[in-house]
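# Commentary on secondary and tertiary structure
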Amino acid sequence: MLIRDATTADARGIARVHVHSWQSAYRGLLPQDVLDGLSIEDRAEHWVGILAEPATNSHTLVAEAHGEILAWASFGAARDDDAPATGELWGIYAHPDSWSTGVGHALLAAVEDALRDAGHDGAYLWVLDGNDRAADFYERHGWTEDGGTKLDERPGLTLSERRRVKQLIPEI
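Since the model is a prediction, treat every value here as computed from it, not as a measurement.

Definitions and cut-offs
- Numbers given for residues are sequential positions, taken from 1 along each chain in its written order.
- Predicted model: local features are reported for residues with pLDDT of at least 70 only, side-chain atom pairs are reported and counted for 80 or more only, and whole-chain, interface and lining totals are derived from all residues.
- Only hydrogens and water are removed before side-chain values are computed, so all heavy atoms of the structure are retained for them.
- A run of H or I in DSSP counts as a helix once it spans at least four residues, and a run of E counts as a strand once it spans at least two, with each numbered from the N terminus.
- Each residue gets one of three labels from its accessible area relative to the maximum for its type: buried under 20%, exposed over 50%, partly exposed in between, using a 1.4 Å probe on protein chains only.
- Each residue after the first adds 1.5 Å to the expected span of a helix.
- This arc is built from the directions going out from the helix axis to the C-beta atoms.
- Buried Ala, Val, Leu, Ile, Met, Phe, Trp, Tyr and Cys residues that are joined via side-chain atoms within 4.5 Å together make up what is termed a nonpolar core.
- Any two residues whose heavy atoms approach within 4.5 Å are treated as being in contact.
- Strand pairing is assigned whenever DSSP identifies at least 2 bridges connecting the two strands.

## Some thoughts on unusual backbone geometry
A positive phi is found at His 66, a non-glycine position, where the angle reads about 55°. Considering the arrangement of structural elements, one finds His 66 in the loop between β2 (58-65) and β3 (68-77). We classify His 66 as exposed; its relative accessible area is 87%. In the Ramachandran plot, Ser 100 falls in the positive-phi region, its phi being about 60° despite a non-glycine side chain. With respect to the element layout, Ser 100 can be found in the loop between β4 (87-94) and α4 (103-117). Residue Ser 100 is classed as exposed on the basis of its relative accessible area of 72%.

## Regarding helix α3 (residues 40-52)
For α3, with 13 residues, the first-to-last C-alpha span of 18 Å sits near the 18 Å given by 1.5 Å per residue. Taken as a whole, α3 has its buried residues at Ile 40, Ala 44, Trp 47 and Leu 51. Down the axis of α3, the buried side of the element spans an arc of 65°, and every buried residue falls inside it. Away from its buried face by more than 90 degrees, α3 exposes Asp 42 and Glu 45.

## Describing the nonpolar core
Within the largest apolar cluster, 24 residues are counted, with the highest numbers of intra-cluster contacts made by Leu 89, Ile 92, Leu 108, Val 111 and Tyr 138. Listed by contribution, the elements that provide at least two residues to this core are β2, β3, β4, α4, β5 (122-128) and α5 (132-140). Ignoring any residue separated from it by four or fewer positions in sequence, one finds Val 111 in contact with Leu 61, Ala 73, Phe 75 and Leu 89. Within the second largest apolar cluster, 17 residues are counted, among which are Trp 22, Leu 30, Leu 128 and Leu 159.

## Topic: the pairing of strand β6 (residues 144-154)
Where β6 and strand β7 (residues 157-167) come together, eight bridges link them in antiparallel fashion. Counted as the bridge partner of Glu 153 is Thr 158 from β7. Between β6 and β7, which follow one another and run antiparallel, lie two residues, and Gly 156 among them has a positive phi close to 80°.

Geometry only, nothing functional implied.
Here is the structure:
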């Protein structure tokens, strides 16, 4: 397995992981019509735009094996005004076929290293309320809930999310 920076050529592979992971992880947490309406083609087009002109201080990594994208993660500077840390993991997703294989662990470790290298001593992320699999994954990797919550308004749906934080550089 190789973890590397994403390029526009990865857009379709990222989109495939994005759609299939949402359809599996969020089954029963999001309306089924929303999940059924996800399109790899639409997501790929979205990812081409993101990867062609990345936002300042944003990074996307992919984990691949044999030329196939298994997982991706996007991260960078905190986006929330009341952020508890300067770094943020915006999203990390593995294809369901790659769950519990170590791909997510390796990718999360790479993200944490990259955030540290960029000067972030701590980071946070948001987890969809009820997504116990993700919450357990983050807990095993030292990301703890800090009580922060938010409602993420999207067309046709509102997502309730809970914040997790991690100190990336030990305090002395």
